[in-house]
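# Reading the structure
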Amino acid sequence: MHAEGRIPFATYIKSEDQVRSSSSQGQGVAVKVVNFTRRRLDKMWDDGSSSGVYNGSVEGHLGARTVLMTYAGHAFLFVDAETKQLYRRFVMRSDVHLILLEPEDDDAAAASDEYTAALHEASFMRDYYAHHGYPWLARYGRPAPVLNMWPADHVGQTHVVETKQSQCNCSDVDDPNIRPHDNYPLVLNLT
């Protein structure tokens, strides 16, 4: 349909050169926000009014997180939920996908493992975007997948597994011919 001109707005993943050379104004952007201020902050989309448009909150506990789904060029105000004082204003960019709301210099959070991990995540996300031209949006630092796999020493190796728990077709549980038999073990060849 795109080739026929019926979906003219469809875009595809671009090469690194295309991403860097294209205008970022108006591009959709997902931004992770991590709060180390120890203050609950309201996210306000800056629509030009004096207060902005409420877009949720980020809690004040160490490393609290939220996500913004917005567009490059949009501005957001982070306002202290208790005092209603402006903490910071951010203008979204297509190449920024993590915002750290940093702790005060004298706050112990600045030396915490959580803050150090968040700094590593921010560095990883910048490097990933610079290398690939698109953001890492998955959870950072996730554990390696755990799959029940049999090790192989060479391509084509087969493991033979035998079990007394053989296959059973239970369409008619009263028929003795379809019940598993202890004297007929199930043999599986895993390649």
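Residues numbered from 1 in each chain as written. Predicted model: local features only at pLDDT ≥ 70, side-chain atom pairs only at ≥ 80, totals over all residues. Heavy atoms only, no water.

## Focus on the environment of aspartate 46
Considering the arrangement of structural elements, one finds aspartate 46 in the loop between strand E2 (41-45) and strand E3 (53-58). With 44 residues separating them along the chain, aspartate 46 and phenylalanine 90 place their C-alpha atoms 9.4 Å apart. Leave out the neighbours within four places in its chain, and aspartate 46 touches Ala75, Phe76, Leu77 and Arg89. In this structure the side chain of aspartate 46 is engaged in a polar contact, spanning 3.1 Å, whose partner is the backbone nitrogen of glycine 48. (Helix = DSSP H or I, 4+ residues; strand = E, 2+ residues; numbered from the N terminus. Contact = heavy atoms within 4.5 Å. Polar contact = N/O pair within 3.5 Å; in protein donor to acceptor, adjacent residues only side chain to side chain.)

## Overview of the confidence of the model for the chain
With 77% of its residues at a pLDDT of 70 or more, the chain shows a mean pLDDT of 81. By mean pLDDT, the top-scoring element of the chain is E2 (96), and the lowest-scoring one is helix H1 (residues 16-21) (50). (pLDDT = per-residue confidence, 0-100.)

## Here's the deal with the nonpolar core
Residues Val31, Leu68, Phe78, Met92 and Leu101 are the most contacted members of the largest nonpolar core, which totals 14 residues. Element by element, the count of residues in this core is highest for strand E1 (residues 28-35), at three residues. If we skip the residues at most four places from it in the chain, phenylalanine 78 touches Val33, Leu41, Asp42, Lys43, Leu68, Gln85, Leu86, Tyr87, Arg88, Phe90 and Leu101. Counting eight residues, the second-largest nonpolar core is a separate cluster that includes Val34, Leu98, Tyr115 and Ala118. (Core = buried A, V, L, I, M, F, W, Y, C linked by side-chain atoms within 4.5 Å. Buried < 20%, exposed > 50% of the residue type's maximum accessible area, 1.4 Å probe, protein only.)

## Some remarks on the packing of aromatic side chains
Enumeration over the complete set of coordinates arrives at seven aromatic pairs. Consider the rings of phenylalanine 78 and phenylalanine 90, whose centres lie 5.5 Å apart with planes at 85 degrees: the pair is edge-to-face. You can see phenylalanine 78 sitting in strand E5 (residues 75-80) and its partner phenylalanine 90 sitting in strand E6 (residues 86-91), a full 12 residues away along the chain. With centroids separated by 5.4 Å and ring planes inclined at 85 degrees, the aromatic side chains of phenylalanine 124 and tryptophan 136 adopt a geometry described as edge-to-face. (Phe/Tyr/Trp six-rings, centres within 6.5 Å; stacked < 30°, edge-to-face > 60°.)

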